[in-house]
Each structure stands twice: as C-alpha cells, then as structure tokens.
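Listed here are the chains, written in short residue letters.
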There are 2 protein chains.
Amino acid sequence: MPESVEYGNKSLFLSKEFHLKTDGSKYPDASGILKDGFTRLLDVITANNVIEFNSKVDESLLLQGINVVVLSESDELQYDIDESYKLLIHANGNQNYAEIEAATVYGALHALQTFSQLCHFNFKSRKLVVSQIPWTINDKPRFSYRGLLIDTSRHYQPLPMIKKVIDSMAYAKLNVLHWHIVDTQAFPLEIPSFPKLWDGAYSTSERYTMAVAADIVSYAKKRGINVLAELDVPGHAVSWGVGYPELWPSKNCTEPLDVSNEFTFKLINGVLSDFSKIFKYKFVHLGGDEVDTSCWSSTPRIKKWLEEQGFNESQAYEYFVLKAQKIAVSHGYEVINWEETFNSFGSKLDRKTVVHNWLGSGVAEKVVEAGLRCIVSNQDSWYLDHLDATWQQFYTNEPLTNITDPKLQKLVLGGEVCMWGEHIDGSDIEQTIWPRAAAAAERLWTRRDKLAKKPEEVMTRLMHFRCLLNQRGVAAAPLDGPGRVAPIEPGSCYVQ
Amino acid sequence: MPESVEYGNKSLFLSKEFHLKTDGSKYPDASGILKDGFTRLLDVITANNVIEFNSKVDESLLLQGINVVVLSESDELQYDIDESYKLLIHANGNQNYAEIEAATVYGALHALQTFSQLCHFNFKSRKLVVSQIPWTINDKPRFSYRGLLIDTSRHYQPLPMIKKVIDSMAYAKLNVLHWHIVDTQAFPLEIPSFPKLWDGAYSTSERYTMAVAADIVSYAKKRGINVLAELDVPGHAVSWGVGYPELWPSKNCTEPLDVSNEFTFKLINGVLSDFSKIFKYKFVHLGGDEVDTSCWSSTPRIKKWLEEQGFNESQAYEYFVLKAQKIAVSHGYEVINWEETFNSFGSKLDRKTVVHNWLGSGVAEKVVEAGLRCIVSNQDSWYLDHLDATWQQFYTNEPLTNITDPKLQKLVLGGEVCMWGEHIDGSDIEQTIWPRAAAAAERLWTRRDKLAKKPEEVMTRLMHFRCLLNQRGVAAAPLDGPGRVAPIEPGSCYVQ
C-alpha cells in the first residue's frame with residue numbers, strides 16, 4: 001500500500017502505441033535500466049490476454065504512454081538511496097500521459113510496478129484499462145532494507161530459478177536479495193583466488209561461476225535489487241574443507257573452521273577480495289551463527305593454540321568473528337553478523353556492525369540500545385521454511401516493536417524473510433516464498449500508520465496480489481492454511 | 001530414449017556464431033516454426049551459465065551450427081504426421097555442422113530438442129560442448145498420441161502458466177494437450193454463439209477469450225503440440241446453467257444437461273461450431289463420463305419426455321451421447337469419449353469413436369477387439385492427481401498389455417497422463433506434472449523393446465531429466481516419494 005493514494009471514477013484505455021517518454025528527465029539511462037523496466041511493464045500487462053485494437057477509441061479516452069522524469073543522473077544502486085516516486089494518471093483531454101517523477105531511476109521502477117498493478121484487461125472492450133482515474137500516488141518505502149534470503153547450499157538453485165525469484169521480488173518491491181551462498185552441505189560458488197573451494201559443490205554442474213554471480217548481480221540491479229552476499233564463518237562451513245581439508249580441525253571433526261590456522265584467514269581474505277569485485281552492496285554478511293566450538297578444544301593442535309592465546313572456546317569464537325570482520329572492512333564492506341555474535345560479545349563488535357536478528361523477538365530493541373544497527377528476521381514470524389508461520393504472522397511482525405525513540409528507530413535498517421533451503425529446491429521455492437513474503441513486504445514498505453491493525457483487513461488485497469503473481473507465472477500458493485499448501489478444493493483464485 | 005543411438009568419445013565446442021542452416025531443405029518455414037524452434041534451442045542451452053568466447057579454438061573442434069533438412073513443404077500439424085528424425089553430429093574436419101533430416105518440421109523440432117539435451121556447459125573451458133561425438137540418432141515415436149490433460153475448470157490456469165506447461169511438454173516430446181476446459185465448477189471459455197455461457201466462470205477475470213484460446217493453439221503448434229478440446233456432456237456440466245438455467249433439469253437438480261430440450265443440442269452445436277474455428281485437431285473430446293441421470297427421472301418434464309420416447313435413463317444417456325457425437329461429426333471432427341460410453345453402449349457408438357480409457361487397466365484390449373480405437377489413461381497408473389502413483393508406475397504402464405495382434409495394436413492411438421485440477425492451480429501444477437509425466441512420455445515414445453524392463457534401470461536418466469527441467473525453470477519435483485513431494489533433505493539434485 002503506497003504512502004498516499006487518491007483516485008477517482010473514470011477510465012482510460014491504453015493506446016496501441018503505449019510508449020515511454022522522458023521529457024524533462026535528467027537521467028540518461030545509458031545502461032537501459034528504465035527502458036528495460038518499461039519493456040517488462042508492457043510484457044507483464046499484455047501476457048495474460050490478447051488485446052484487441054480494432055475499434056476506434058476517442059483520443060480523450062486513451063492513455064498514450066508514461067512520461068518518466070528522473071532527477072538524478074546516477075544509476076548507482078546502494079543501501080538507502082531514494083526510492084520515492086510520484087505517479088499521476090490524469091485525463092487531461094487529448095494526448096494523455098501518465099506522469100512519473102522520482103529522485104532515482106529505482107524510484108521510477110517502483111512507480112512502473114505500481115502502474116502495472118493498476119492496469120487490467122477489460123473483457124467487454126478487450127482492451128487494457130486503467131480505472132478509477134485520476135490517480136495521484138505519492139510513495140516511498142518505510143525501511144530501506146527489505147530483504148529475502150535464499151539458500152543455494154542446501155539445494156542448488158539453477159540460474160533461471162534465481163532470476164524468477166528476483167523478478168517476483170520486484171513485484172512486491174523487495175530490494176535486497178540476501179544470497180546465503182555456501183554452508184555445511186555444499187560450496188557451489190567459484191572462488192578464483194582459491195579454486196578448489198567449489199570442489200565442495202554437490203556436483204560439477206551444480207555450481208556458479210563468477211560470471212554467473214556477476215550476471216545475477218546485474219539482473220537484480222536492473223530491477224532495483226541489491227545482492228547481499230553471505231560468507232558464514234566460522235560455523236556452517238564444513239563444505240570448505242572438501243577442497244582444502246586443512247581448514248577442518250581434523251578429518252573427524254570438520255567444523256568450525258580452524259581458528260588456529262593463518263591459512264583460514266588468508267582464504268577468507270581471498271574470498272572477500274573476489275566478492276568485492278562482484279558484490280557491490282555496501283554490506284557483506286559474515287554469518288557467525290550456531291557455532292559449536294567443541295572441535296577446537298578436542299583437536300590437540302588447536303587446543304594447544306587456545307592455551308597459547310589464553311583463549312577459552314568462547315573467546316576464540318569472538319577472536320574469529322572480529323578478525324573476519326576486519327578483513328571485510330579492509331575490502332570496503334560494512335559487516336552484518338547473525339545475532340549470536342551480538343548476544344555473545346556485542347560490545348566487541350566493529351561499531352558499524354549490523355546485527356541480524358533471527359532467534360526470536362525482543363532482540364532489535366537491545367541491539368539499538370547498544371548503539372548498533374539491526375535487521376529483523378525473527379524466526380517465529382519471518383522464516384519462510386517454517387510452514388506453520390501464517391501470512392497473518394508475516395504481516396503483523398513489527399520490526400520497531402518496543403522501540404519508541406526516533407533516534408533508535410533509525411538504527412533498524414529493515415527486515416528480511418528467510419527461505420532456508422533444507423526442503424527447498426527448484427520445484428517448490430516459489431510457492432514457499434509467496435504469498436507470505438508479500439505480507440512482510442508490505443510491513444516493510446508501507447508507512448506504519450497505514451498498515452492494517454488487523455490482518456483480516458488486508459486479506460482481500462493479499463489474495464488479489466497472490467492471483468496477480470499467478471497471472472505473472474509465479475507459483476504463489478493459496479493463502480489458506482500453512483505455507484506451500486495445495487488448494488484444498490476447486491474454486492476461484494480470489495477466495496483461496 | 002530414441003529408437004537408435006550411437007555415440008563416440010570426442011567433443012566439439014559450440015561456436016560463438018552457432019546458427020541454423022537449411023541447405024537442401026524443401027520446407028519454406030513461412031510461419032517461422034523452424035526458426036523459432038532454433039531460437040528456443042539457443043535460449044535453453046545458454047540460460048544456465050555465462051559462456052566465454054575469449055580463447056581461440058581450432059576450427060576443427062568447433063560446431064558451427066545445425067543444417068536442418070525438412071522434406072515436406074507443409075507445416076500442417078495433425079494426428080499421425082511423421083515425427084521421425086535423423087540427427088548426426090560428426091566431426092568432419094573444418095566447418096562442422098550437425099545434420100538433421102526429418103519428414104516434417106515437427107520431426108525437426110524433436111531433433112532440436114534431442115540436440116539441446118546433448119549440449120552441456122563445460123566448467124573448465126566455460127563453453128558449451130557436445131560430448132561423445134560422433135552421434136548418429138534415428139528416432140521416431142512409438143505412438144502418435146502422447147498426451148497431457150489439464151483441467152481449467154476446477155481451477156483457472158492463467159495463460160502464462162498454460163504456456164509454461166506447453167513448453168515443458170515439448171521437452172518430453174509429448175504432442176497432445178488435452179484441454180478439459182469446462183466442468184461442473186466453472187465455465188471459463190468465451191463462446192461467441194452463446195455468450196452467457198462464460199457467466200459460469202469463477203470471476204470475470206478468470207476467463208479465456210476466443211483470442212486467447214487461439215493463442216494457446218498457435219503457441220502449442222509452434223512446439224509441435226496439438227490441442228484436443230474437450231466439451232464434457234451430458235455430465236460434468238453444471239456451470240453451463242449459470243448463463244442458461246434452462247439447461248438444468250431444475251434449479252435444485254442441476255445435472256446432467258436437459259436431454260429433453262432441443263435447446264441443449266442447439267447450444268452444443270453452437271459451441272462445437274465455435275470450437276471448429278479454433279481447434280483444428282481432427283478429434284474433439286465429448287466426455288460422457290460419470291453421468292448420474294437421476295435428475296432426469298425426478299424432474300417431471302423430463303420424466304414425461306423419457307416416457308414419450310420410450311427411454312429408460314440408460315437409453316436417454318445413450319441418446320444424448322450419440323446425438324452429441326453426430327453434431328461433432330457434422331463439424332468435421334472425429335469423436336473421443338470417456339470409456340463409460342463404451343462400457344454402456346459400445347456397439348452403438350459412431351464407428352470412428354475413440355474410446356478414452358480411464359477407469360482401470362484391461363479396457364484397451366476390449367475396445368480394440370470391438371474394432372474401436374483407444375487412448376489409455378488408466379487412473380491407477382496415469383492420473384497425476386493421484387499423488388501416491390509413483391514414477392515407476394507411470395513408467396511401467398504398458399498401453400498394449402494383452403494386445404498381441406498387430407492389427408489390433410494399431411487401434412491403440414497412444415495414451416495420456418491426466419492432471420485433474422481439484423487441488424491444482426498455478427502454484428503447484430508444474431511439480432505435480434513433473435517428473436512423473438516424463439516417465440509416461442518415454443513409455444509412449446520409445447520403442448517397446450528399448451524400454452527398460454525394470455524401472456530402476458532408468459532412474460538415473462529420469463533423475464537427470466528432472467534436473468534438466470529445473471535448469472530450464474520448470475518446477476519438477478524430486479523423484480523420491482509421492483507426487484509433488486518437497487525434497488526431504490539437503491542434497492544434490494542428482495540423487496533426489
């Protein structure tokens with residue numbers, strides 16, 4: 001739901017030559033982001049029906065196109081850019097054009113997305129129509145970080161599937177793809193500086209070259225979506241040792257990564273260096289969750305090192321995380337870490353650390369009180385792999401719960417829904433993400449006072465959005481019941 | 001599995017300018033079927049990775065393109081056209097071209113499909129490669145009717161979803177889309193001669209215009225897929241009465257269609273007339289299954305009519321089906337009917353009737369012995385909505401079971417897997433169809449003596465095909481377990 005919406009009761013038909021204009025725009029569109037966004041708009045609104053242009057329509061009833069004015073010349077996509085837009089669809093008499101004005105091209109993309117959801121096929125006239133004109137929409141997101149996590153370690157996701165997910169994110173105005181690339185089970189990404197790392201992939205074909213990773217970043221950028229790369233250390237990293245067994249404490253004790261070995265950090269440096277050539281988001285995610293340090297104490301060589309350093313296991317964990325943080329910072333990144341790092345040694349973290357809350361509610365308030373920034377993904381509400389988490393829970397999960405001081409509120413960058421991959425491959429990723437992610441997407445975009453107090457108030461709108469996703473070829477599941485449920489009986493999309 | 005396959009141990013890289021040639025071909029390709037098929041080939045083999053063309057490769061190691069010779073000038077798509085092809089990929093020295101020869105352009109499309117499955121991305125060279133050259137493949141389907149039923153009455157399927165299903169059918173060389181368009185719950189198709197019929201749709205937007213239906217036929221034709229339209233009468237037709245209540249026996253007894261009313265048959269004639277403008281397959285399906293005739297006896301007006309005609313309920317059912325058949329024949333169609341019509345009054349059916357077996361096994365043999373043609377879809381093995389039917393059952397279901405006389409074997413046109421829609425909408429159609437439909441697709445394509453005796457022998461190949469589908473953006477489910485199951489644990493695609 002946009003920040004402010006006014007509409008009327010007239011209609012306009014989209015003309016046969018519906019086109020993009022950029023009179024008065026400062027943005028040169030050298031990389032074609034706007035042009036491609038407009039082409040996607042046309043594709044999406046014409047995909048479901050066959051438009052007929054036989055009958056002559058008076059020019060005053062036609063919408064000729066959209067004039068898009070972008071104020072910034074830059075196409076830099078980064079955290080906290082201006083994503084606001086104005087969208088006007090007014091009938092002025094002759095040559096009617098919708099008007100978009102945005103600070104950046106990415107605000108303009110959001111405007112085109114909103115426009116696409118105002119068009120529908122009219123079965124009487126067989127034409128595309130925008131009803132309820134005149135529209136006056138002013139809009140901007142509440143939070144600058146509105147994310148979706150995908151996990152390509154537990155199951156490989158082929159490139160076309162990742163692109164489909166990115167496309168669908170844009171429909172709900174999500175703007176960060178948190179790519180949890182590697183984990184215990186598999187290491188699918190090419191790392192040029194340490195080329196044996198991807199020997200830890202499930203198979204030779206279930207891998208991503210650096211060129212493919214760059215392609216994903218580029219594809220996402222064209223849709224206004226940042227890619228946050230995660231390199232989870234020191235836990236969740238067993239797969240690294242397939243190519244470099246020296247990273248394991250021992251053959252029988254394969255995690256966490258060997259804290260006593262300088263090679264471990266040399267390798268992390270190589271990975272982050274390779275990342276920095278492709279992943280241009282200002283943040284990198286270094287994980288740090290669920291670290292079982294027992295292999296460090298039980299492996300003689302590491303036990304000895306701990307004693308020499310005067311570390312207990314916990315201090316060694318802290319040492320590891322902080323050292324990895326420094327490496328990331330040296331490559332120009334600001335670091336995000338899962339919340340255990342904050343819970344264990346919050347005051348020691350790099351002061352620019354963003355804490356990624358996942359264990360439960362009530363954490364963001366502690367993080368911001370400690371002066372650190374926070375991203376919210378509490379698993380009781382925003383873990384998509386928890387099929388019993390309902391869309392209502394997704395909708396009502398409020399990142400600023402118990403945070404009332406505006407200065408502290410600013411430290412909550414936003415939130416993210418997480419599509420962990422233990423039971424997710426190409427066959428079921430879309431219907432597990434949607435429609436529940438859309439409920440969270442509104443929580444993250446829409447101004448707080450415009451959100452529904454009771455989720456039932458938005459049910460019809462969410463149901464319509466789910467049907468719109470299906471119409472766009474996105475396999476969004478019915479609202480009824482748990483995540484990824486099949487329709488329980490025959491019926492209209494609009495009641496399921 | 002093709003009819004005959006020979007291969008070697010060499011490899012060729014696909015050149016940067018990999019292209020289509022048609023030297024020696026008789027086929028003009030006015031409608032671009034071949035050209036589009038080649039474009040789709042390129043799209044599909046390049047979608048998963050980023051190909052690198054930096055390094056110079058000796059011309060003798062390059063495959064420059066494919067030369068496609070089509071012997072027939074016609075692009076007519078019909079039942080029983082020649083779908084055979086020869087595919088040669090030999091390394092001759094310089095200017096290497098793969099060679100395709102086919103009787104029709106549709107055989108050539110099958111050859112391109114086979115070729116697409118011989119290409120893979122080589123992670124060392126970062127190029128597309130065809131390995132195990134030289135390939136000499138001679139292929140043709142065992143049965144001419146290899147179908148998939150979709151049901152757009154129990155749930156509306158948006159046009160993009162139907163197109164995705166058609167795309168995926170082509171990957172498994174299925175060639176008939178049996179479109180079960182309308183049924184009890186909803187009537188989503190525009191019928192110009194009786195425009196109130198689609199008032200029976202779930203909602204105004206969950207409908208298909210005639211133009212969309214024509215678009216589906218055209219989209220399918222370009223992929224060598226016929227569209228078999230079904231108009232199920234006299235049962236499964238409650239939705240027809242929303243627009244025309246006179247079709248119902250009464251307001252409280254809404255099926256079957258009123259056999260006593262001439263209007264019923266006038267309407268059926270209108271529908272079939274409109275069908276004949278769009279659906280050009282030589283067959284039309286008139287249903288005739290699961291007819292509960294009690295409303296005919298219990299409605300006074302119809303009861304009276306039955307008595308006047310000297311019909312019991314069963315004879316009235318026969319009368320209805322035969323009358324509808326005659327109407328279809330008058331529009332140039334040959335008729336397919338579900339097997340109850342054969343079981344009830346087989347000797348009375350039009351002699352060109354094709355009986356569609358679904359109730360169980362052992363029926364095809366009876367049908368062909370009665371001199372009628374048959375399509376096999378026995379529900380114990382080939383109903384995709386039966387989630388407990390395993391891929392092994394799909395693979396081993398043999399249409400010619402107990403039919404040994406070659407003359408009678410010819411009467412079995414082929415078979416079809418059925419994706420009934422009670423629990424199927426846009427969110428779960430792909431993963432319920434695949435991979436199990438692929439197991440049946442091989443049963444219908446591959447020469448009987450080349451089929452595996454034990455399904456375990458093809459498990460690896462089916463698993464690879466399932467992963468190929470995922471790589472092409474088709475949400476095919478894991479093989480393990482019942483239909484549409486989620487992956488049970490993290491792992492490689494190739495073992496699930």
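See above for the structure.
Parameters at a glance
Residues numbered from 1 in each chain as written. Chains lettered and ligands numbered in written order. Predicted model: local features only at pLDDT ≥ 70, side-chain atom pairs only at ≥ 80, totals over all residues. Heavy atoms only, no water. Pairing = 2+ DSSP bridges. Helix = DSSP H or I, 4+ residues; strand = E, 2+ residues; numbered from the N terminus. Axes fitted to C-alpha atoms, helices over the stretch in contact; angles between N-to-C directions. Contact = heavy atoms within 4.5 Å. Expected span 1.5 Å × (residues − 1). Buried < 20%, exposed > 50% of the residue type's maximum accessible area, 1.4 Å probe, protein only. Right-handed = clockwise from strand over helix to strand, strands pointing away. Parallel < 35°, antiparallel > 145°, perpendicular 65-115°, else oblique. Left-handed = near helix turned anticlockwise from the far one by under 90°. Nonpolar A, V, L, I, M, F, W, Y, C, P; charged D, E, K, R; others polar.

### Concerning the sheet that holds strand 3 (residues 62-70) of chain B
Backbone-to-backbone hydrogen bonds join strands into a sheet, with any given pair of strands oriented parallel or antiparallel.
Residue and element names in this part refer to chain B.
Logical step 1: Spatially, the eight strands line up as an open sheet ordered 1-8-4-5-3-2-7-6, and their pairing is mixed. The open sheet has two free edges, formed respectively by strand 1 (4-6) and strand 6 (119-122), since each of these has just one partner strand. Averaged over all adjacent pairs, the angle separating strand axes in this sheet is 30°, with direction ignored.
Logical step 2: Where strand 2 (residues 10-21) meets strand 3, five bridges bridge the pair, whose relative direction is parallel. Bridge pairing links Lys21 to Asn67 in strand 3.
Logical step 3: Strand contacts of helix 2 (residues 105-116): strand 2, strand 3, strand 4 (85-89), strand 5 (96-102), strand 6, strand 7 (127-133) and strand 8 (135-139), with the helix running at about 40° to strand 4, the strand carrying the most contacts.

### Thoughts on the sheet that holds strand 8 (residues 135-139) of chain A
All names here are of chain A.
Logical step 1: What the eight strands build is an open sheet, ordered 1-8-4-5-3-2-7-6; its pairing is mixed. Bordering the open sheet on either side are strand 1 (4-6) and strand 6 (119-122), each of which pairs with just one other strand. Across this sheet, the average inter-strand angle for adjacent strands is 30°, counted without regard to direction.
Logical step 2: Against the sheet, helix 1 (residues 33-46) engages strand 2 (10-21), strand 3 (62-70), strand 6 and strand 7 (127-133), with an angle of about 135° to strand 2.
Logical step 3: Lying over the sheet, helix 2 (residues 105-116) contacts strand 2, strand 3, strand 4 (85-89), strand 5 (96-102), strand 6, strand 7 and strand 8, oriented at roughly 40° with respect to strand 4.

### Here we look at helix 4 (residues 210-221) of chain A
Logical step 1: Here helix 4 of chain A contains 12 residues, and its C-alpha end-to-end distance of 16 Å stays within 8% of the 16 Å for a straight helix at 1.5 Å per residue.
Logical step 2: Among the residues of helix 4 of chain A, Met210(A), Val212(A), Ala213(A), Ile216(A), Val217(A), Tyr219(A) and Ala220(A) are the ones counted as buried.

### Regarding unusual backbone geometry
Logical step 1: Geometrically, the link from Ile133(A) to Pro134(A) is a cis peptide bond, its omega value of 5° lying close to zero.
Logical step 2: Examined against the element boundaries, Pro134(A) turns out to sit in the loop between strand 7 and strand 8.
Logical step 3: For Glu290(A), which is not glycine, the phi dihedral falls at a positive 45°.
Logical step 4: Take Glu290(A): it is sitting in the loop between strand 12 (283-285) and helix 6 (294-298).
Logical step 5: Owing to a relative accessible area of 46%, Glu290(A) belongs among the partly exposed residues under this scheme.
Logical step 6: In this structure, Lys173(B) takes a positive phi of about 55° despite not being glycine.
Logical step 7: Note on placement: Lys173(B) falls in the loop between helix 3 (159-171) and strand 10 (176-180).
Logical step 8: Assessed through its relative accessible area of 10%, Lys173(B) is described here as buried.

### A short note on the pairing of strand 11 (residues 226-230) of chain A
Residues in a regular strand point their side chains to alternate faces of the sheet.
Residues and elements named next belong to chain A.
Logical step 1: Summarising burial for strand 11: five of the five residues are buried, a large majority.
Logical step 2: Here strand 11 shows a buried face lined by Asn226, Leu228 and Glu230 and a second buried face lined by Val227 and Ala229.
Logical step 3: In this sheet, strand 11 lies alongside strand 10 (residues 176-180) in parallel orientation, the contact comprising five bridges. Its bridge partner being in strand 11, Trp179 is matched across the sheet by Ala229.
Logical step 4: In the classification by handedness, the crossover that spans strand 10, the intervening helix 4 and the parallel strand 11 is right-handed.

### Considering the packing of helix 3 of chain B against helix 4 (residues 210-221) of chain B
Residue and element names in this part refer to chain B.
Logical step 1: The contact between helix 3 and helix 4 brings their axes to 10 Å, and the two run at 20°. The pairing of helix 3 with helix 4 is recorded here as roughly parallel in orientation. Along this stretch, helix 3 crosses helix 4, giving a crossing that reads as right-handed. For the pair formed by helix 3 and helix 4, the contact residues are Leu159, Ile162, Lys163, Ile166 and Asp167 on the first element and Val212, Asp215, Ile216, Tyr219 and Ala220 on the second.
Logical step 2: Of the residues that constitute the contact of helix 3 with helix 4, the class distribution is seven nonpolar, no polar and three charged.

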